[in-house]
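Below are the chains, spelled out letter by letter.
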Amino acid sequence: MDESELTAIPRLATKAMLRHDSVRGVELLLLPERVVLLNKSGAAILGLCDGSRTVRQVVTQLEQDFEVADLTNDVMTFLHDARERGWVVVT
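We now turn to the structure provided with this report. (Residues numbered from 1 in each chain as written. Predicted model: local features only at pLDDT ≥ 70, side-chain atom pairs only at ≥ 80, totals over all residues. Heavy atoms only, no water.)

## With respect to the side chain of Thr54
Condition: Where helices and strands are cited, they refer to DSSP runs of H or I of at least four residues and of E of at least two residues respectively, numbered from the N terminus. In this analysis, two residues are considered to be in contact whenever any of their non-hydrogen atoms come within 4.5 Å of each other.
Relative to the assigned elements, Thr54 resides in the loop between helix H2 (40-48) and helix H3 (55-66). Each residue touching Thr54, except ones within four places of it in the same chain, is listed here: Leu6, Thr7, Ala8, Ile9 and Pro10.

This is how it looks when you write it as structure tokens:
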């Protein structure tokens, strides 16, 4: 993993929206013609992808929120997958 990946700024794709389904108690990613049910960690990552934080800042915040260390690889893997699926844009 190189430094440019950690300094990139992820944000949700224009067509994507995060929503909480209070009836079912789950987090959803709404996309044109589909809905993705997110687990807690996926929702937490995407919730921080607002275009104001670098990947490194997202990782740091998640490590603080979940009181866990060494999340860089997990977050990078998730963001890579989310980018390929068109859920996030990374600049």
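## So, the packing of H3 against helix H4 (residues 72-84)
The condition that has to hold: What counts as an axis is a line fitted to C-alpha atoms, over the stretch in contact for a helix, and the angles between N-to-C directions run from 0 to 180 degrees. With respect to orientation, any angle under 35 degrees is reported as roughly parallel, any angle over 145 as roughly antiparallel, any angle of 65 to 115 as roughly perpendicular, and every other angle as oblique. When the near helix sits turned anticlockwise from the far one by under a right angle, the crossing is termed left-handed; a clockwise turn instead gives a right-handed crossing. Amino acids outside the nonpolar list (Ala, Val, Leu, Ile, Met, Phe, Trp, Tyr, Cys, Pro) and the charged list (Asp, Glu, Lys, Arg) are all regarded as polar, and Gly is one of them.
Here H3 crosses H4 at 125°, and the two axes come no closer than 10 Å. In terms of orientation, H3 and H4 fall into the oblique class. When the axes of H3 and H4 are compared, the crossing they make is right-handed. Of the residues in H4, those in contact with Val55, Val58, Val59, Leu62 and Glu63 of H3 are Thr72, Val75, Met76 and Leu79. Across the contact of H3 with H4, the residue classes break down as seven nonpolar, one polar and one charged.

## Some words on the environment of Leu62
Checked against the element boundaries, Leu62 lands in helix H3. A C-alpha to C-alpha distance of 10 Å links Leu62 and Gly47, two positions 15 residues apart in sequence. If we ignore the near neighbours within four places in the chain, the residues touching Leu62 are Ala44, Ile45, Leu48, Glu67, Leu71 and Val75.

## Looking at the pairing of strand S4 (residues 34-38)
Along any regular strand the residues' side chains alternate between the sheet's two faces. The condition that has to hold: Note on pairing: two strands pair once DSSP finds at least 2 bridges between them.
One ladder, built from five bridges, connects strand S3 (residues 26-31) with S4; its direction is antiparallel. Bridge assignment links Leu31 to a residue of S4, and that residue is Arg34. Between S3 and S4, which pair antiparallel in sequence order, lie two residues; one of them, Glu33, sits at a positive phi of approximately 65°.

## A look at the pairing of strand S2 (residues 17-21)
Sheet analysis places S2 next to S3, joined by five bridges and oriented antiparallel. Bridge pairing links Leu18 to Leu29 in S3. Linkage of S2 to S3, two consecutive antiparallel strands, is achieved through a turn of four residues, within which Gly25 is found at a positive phi near 70°.

## A few points about the packing of H2 against H4
Two elements in contact, H2 and H4, have axes separated by 11 Å at closest approach and are oriented at 75°. Comparing their axes, H4 and H2 come out roughly perpendicular. When H2 is examined against H4, the residues Gly42, Ile45 and Leu46 are found in contact with a partner set consisting of Val75, Phe78 and Leu79. Its residues assigned to classes, the contact of H2 with H4 shows five nonpolar, one polar and no charged.

## Side note on the sheet that holds S2
The antiparallel open sheet is built from three strands, whose spatial order is S2-S3-S4. Edge positions in the sheet fall to S2 and S4, since each has one partner strand and no second. The mean angle between the axes of side-by-side strands here comes to 30°, regardless of whether they run parallel or antiparallel.

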